Amino acid sequence: MGTIDNIIESILDLELEMFIRVPSDGDSPCQQHPDGFKFHRRMQFSVWSEVTLASYRQDLMVARKNDENLMTVKYARMQGLL
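Everything numeric in this text was worked out from a predicted model, so none of it was measured.

Student: Teacher, can you tell me more about the packing of helix α1 (residues 3-19) against helix α2 (residues 34-45) here?
Tutor: The packing of two helices is summarised by the inter-axis angle and the distance between the axes. Interhelical geometry of α1 versus α2 gives an angle of 135° and a closest axis separation of 10 Å. Taken together, α1 and α2 sit at an angle that is classed as oblique. Here α1 and α2 pass one another in a crossing that is right-handed. For the pair α1 and α2, the contacting residues are Ile8, Glu9, Ile11, Leu12, Asp13, Glu15, Leu16 and Phe19 in the first and Pro34, Phe37, Lys38, Arg41, Arg42 and Phe45 in the second.

Student: How should I be thinking about the packing of aromatic side chains in this particular structure?
Tutor: The description of an aromatic ring pair uses the distance of the two centres, along with the angle that the planes make with each other. Per the stated rule, a full pass over the model turns up 4 aromatic pairs. With centroids separated by 5.6 Å and ring planes inclined at 65°, the aromatic side chains of Trp48 and Tyr56 adopt a geometry described as edge-to-face. The exposure class of Tyr56 is buried, given its relative accessible area of 16%. Three or more aromatic residues link up through ring pairs in this structure, and these residues are Phe45, Trp48 and Tyr56.

Student: Just to check I follow, could you spell out the nonpolar core for this structure?
Tutor: Side chains that are nonpolar tend, in soluble globular proteins, to be buried together. The biggest cluster of nonpolar side chains holds 16 residues, and the ones touching the most others in it are Ile11, Phe45, Leu53, Tyr56, Leu60 and Met71. Looking at this core, the elements that each hand over two or more residues are α1, α2 and α3 (50-65). Top element by residues in this core is α1. It accounts for 8 residues. If we skip the residues at most four places from it in the chain, Leu60 touches Ile11, Leu14, Glu15, Met18 and Leu70.

Student: Please explain the pattern of salt bridges as it appears in this structure.
Tutor: Once the charged atoms of two side chains with opposite charge are near each other, the side chains can pair. In the structure shown here, the tally under the stated rule is 4 salt bridges. Measuring nitrogen to oxygen at the nearest pair gives 2.8 Å for the salt bridge that ties Glu9 to Arg42. Separated by 33 residues along the polypeptide, Glu9 in helix α1 and Arg42 in helix α2 bring together distant segments of the chain. Relative accessible area serves as the criterion here: at 25%, Glu9 is assigned to the partly exposed category. With relative accessibility at 28%, the residue Arg42 sits in the partly exposed group. Where Arg41 meets Glu15, a salt bridge forms, and the shortest distance between an N and an O atom there is 2.7 Å. With a gap of 26 residues between them, Arg41 in helix α2 and Glu15 in helix α1 connect regions that are remote in the sequence.

Cut-offs and rules
- Residues numbered from 1 in each chain as written.
- Predicted model: local features only at pLDDT ≥ 70, side-chain atom pairs only at ≥ 80, totals over all residues.
- Heavy atoms only, no water.
- Axes fitted to C-alpha atoms, helices over the stretch in contact; angles between N-to-C directions.
- Helix = DSSP H or I, 4+ residues; strand = E, 2+ residues; numbered from the N terminus.
- Parallel < 35°, antiparallel > 145°, perpendicular 65-115°, else oblique.
- Left-handed = near helix turned anticlockwise from the far one by under 90°.
- Contact = heavy atoms within 4.5 Å.
- Phe/Tyr/Trp six-rings, centres within 6.5 Å; stacked < 30°, edge-to-face > 60°.
- Buried < 20%, exposed > 50% of the residue type's maximum accessible area, 1.4 Å probe, protein only.
- Core = buried A, V, L, I, M, F, W, Y, C linked by side-chain atoms within 4.5 Å.
- Salt bridge = Lys/Arg side-chain N within 4 Å of Asp/Glu carboxyl O.

Geometric descriptors of this kind do not, in isolation, establish any biological role.
Now the structure itself:
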């Protein structure tokens, strides 16, 4: 596996860790299917440059260290809550 693939796998692990902890009003089918989540996210990341991927991975790692959930922020913004 190449460097880009390793970075993507690391990002997917970090994102999934956050994604399954996003609060919801009930059982979210998406949260029940981590392989589907990873598949779709992997496709998005497949066109990113190595520099962009490494930067995003760093953002995720800093957020985790600071006990912040970027996936919660993402979905709150998508729903107009932020």
